[in-house]
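Residues per chain are reported as follows:
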Amino acid sequence: MRFDHRHLLGIEPLRPDEITTLLDLADRYVDFNRRPDRHARALSGLTQINMFFENSTRTQASFEIAGKRLGADVMNMAMQASSIKKGETLIDTAMTLNAMHPDLLVVRHPHSGAVNLLAQKVNCAVLNAGDGRHEHPTQALLDALTIRRAKGRLHRLTIAICGDIAHSRVARSNLLLLHKMENRIRLIGPPTLMPSGIDAFGVEVFDDMREGLKGADVVMMLRLQRERMDGGFIPSEREYYHRYGLDSEKLGYAMDDAIVMHPGPMNRGVEIDGTLADDINRSVIQDQVEMGVAVRMAAMDLLARNLRSRPSEIIT
Ligand code: NCD
């Protein structure tokens, strides 16, 4: 098993075989998590700090549960109540925590690149839980595991990513991962929500949803990231739903066994029809959440093995 990384900052630096290694280990953690007794020791004696500078439900809970199931001492920093509010910089906060010798730092931040910068200043392993519109590697990995388990493979699939591509770190990390694993990627959305120059990346771009969904094996929906919009990107939510909201009529253009995904939080009736989102024959949205815990366990387990192979300063 090779995974020679000190941090997990993005999908970009990962090789396909490293992605496979991580997903294989995550698969074993899925089984482990379904057992009644879920206590392992892979992270025992290690301290994990979660620093979330942006709202989060599933990612933060998932990292916390993952750390606890592996025996780490997990601390959630309440960033709203931290000294950041007193004007302390991100780096000073990170250096302060670093002096307490954490082993794993899980960070979410609204600015693209902030987590990479922080990783250069600390000597523990840093996991990016989403930085601005840049990367969200564990989301792409959990999506990949969900797809691999549902479709039996993670290559040569036609995958449609639909909606607010321009503001989405989920889309970016997924694009990188699915491209590395040799899938056919289609991006569907209004031109105002499509990053410029994206077609150079080897993807097909559509603004007609029915056209883009034809023959898709996987349909991945995205939330309108209003917090990252500074103007009128869409005419109205009603109009947006009409053109780009996924309902069973539009899904009818995809393959009969196409799966429906959404990273959450979803806005029912804006990007997806609520009944379709709850349809367990098509939607794997709850599976994605389950896979999230397993993928984060695998990621922290692999990084911790690398920590431990470094010369230990701990007196035993
Ligand atoms: C995503 C995020 O934060 O980037 N959510 C998540 O982590 N599950 C997507 C979103 O906020 O729309």
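Since we're looking at a predicted model, the values are computed, not measured.

Digging into the packing of helix α5 (residues 137–151) against helix α6 (residues 169–180)
Okay, so step 1: At a closest axis distance of 8 Å, the pairing of α5 and α6 adopts a crossing angle of 55 degrees. Taken together, the axes of α5 and α6 are oblique relative to one another. Considering how the two elements wind past one another, α5 and α6 form a crossing that is right-handed. Taken together, the residues of α6 that come into contact with α5 (itself represented by P137, Q139, A140, L141, D143, A144 and I147) are V170, S173, N174, L177 and L178.
Okay, so step 2: Among the residues making up the contact of α5 with α6, the classes are represented as 8 nonpolar, 3 polar and 1 charged.

Some thoughts on helix α1 (residues 16–33)
In an α-helix there are 3.6 residues to a turn, and that puts residues three or four apart on one side.
Okay, so step 1: Given a rise of 1.5 Å per residue, 18 residues ought to cover 26 Å, and the 25 Å separating the end C-alpha atoms of α1 matches this to within 8%.
Okay, so step 2: Within the span of α1, buried status applies to E18, I19, T21, L22, L23, L25, A26, Y29, V30, F32 and N33.

Considering the environment of N183
Okay, so step 1: Looking at the secondary structure, you find N183 in the loop between α6 and β6 (184–188).
Okay, so step 2: The residues touching N183, leaving out its near neighbours within four places in the chain, are L154, H155, R156, L157, I159 and L178.
Okay, so step 3: At a separation of 3.1 Å, a polar atom in the side chain of N183 contacts the main-chain carbonyl oxygen of L154.
Okay, so step 4: A polar contact of 3.1 Å, which involves the side chain of N183, links it to the backbone oxygen of L178.

Concerning the nonpolar core
For soluble globular proteins, the rule of thumb is that nonpolar side chains tend to be buried together.
Okay, so step 1: Counting residues in each nonpolar core, the largest one holds 66 residues, and the members touching the most others are L127, L141, I147, I161, L177 and L187.
Okay, so step 2: A per-element tally of this core places helix α11 (residues 285–309) first, with 12 residues.
Okay, so step 3: Setting aside residues no more than four positions away along its own chain, L141 makes contact with L8, I11, I19, L22, L23, L177 and V295.
Okay, so step 4: Ranked by size, the runner-up nonpolar core spans 25 residues in total, among them V219, Y244, A254 and A277.

Some points on the packing of aromatic side chains
A ring pair, where both rings are aromatic, is described by two values, the distance of the centres and the angle of the planes.
Okay, so step 1: One pass over the structure, following the stated rule, counts 2 aromatic pairs.
Okay, so step 2: Arranged with centres 5.9 Å apart and planes meeting at 85 degrees, the rings of Y29 and F32 form a pair that is edge-to-face. Here F32 and Y29 lie together in helix α1, a separation of 3 residues that amounts to about one turn. F32 carries the same exposure label as Y29, and that label is buried.
Okay, so step 3: The interplanar angle of 40 degrees and the centroid separation of 5.6 Å between the aromatic rings of Y240 and Y244 together place this pair among those described as tilted. Within this pair, Y240 and its partner Y244 are both found in helix α8 (residues 237–244), separated by 4 residues, close to a single helical turn. The residues Y240 and Y244 share a single accessibility class, namely buried.
Okay, so step 4: For the cation-ring pair, K250 lies above Y241, with the distance from its terminal atom to the ring centre recorded as 5.9 Å.

About the cut-offs
Residues numbered from 1 in each chain as written. Predicted model: local features only at pLDDT ≥ 70, side-chain atom pairs only at ≥ 80, totals over all residues. Heavy atoms only, no water. Axes fitted to C-alpha atoms, helices over the stretch in contact; angles between N-to-C directions. Helix = DSSP H or I, 4+ residues; strand = E, 2+ residues; numbered from the N terminus. Parallel < 35°, antiparallel > 145°, perpendicular 65-115°, else oblique. Left-handed = near helix turned anticlockwise from the far one by under 90°. Contact = heavy atoms within 4.5 Å. Nonpolar A, V, L, I, M, F, W, Y, C, P; charged D, E, K, R; others polar. Expected span 1.5 Å × (residues − 1). Buried < 20%, exposed > 50% of the residue type's maximum accessible area, 1.4 Å probe, protein only. Polar contact = N/O pair within 3.5 Å; in protein donor to acceptor, adjacent residues only side chain to side chain. Core = buried A, V, L, I, M, F, W, Y, C linked by side-chain atoms within 4.5 Å. Phe/Tyr/Trp six-rings, centres within 6.5 Å; stacked < 30°, edge-to-face > 60°. Lys NZ or Arg CZ within 6 Å of the ring centre and 35° of its normal.

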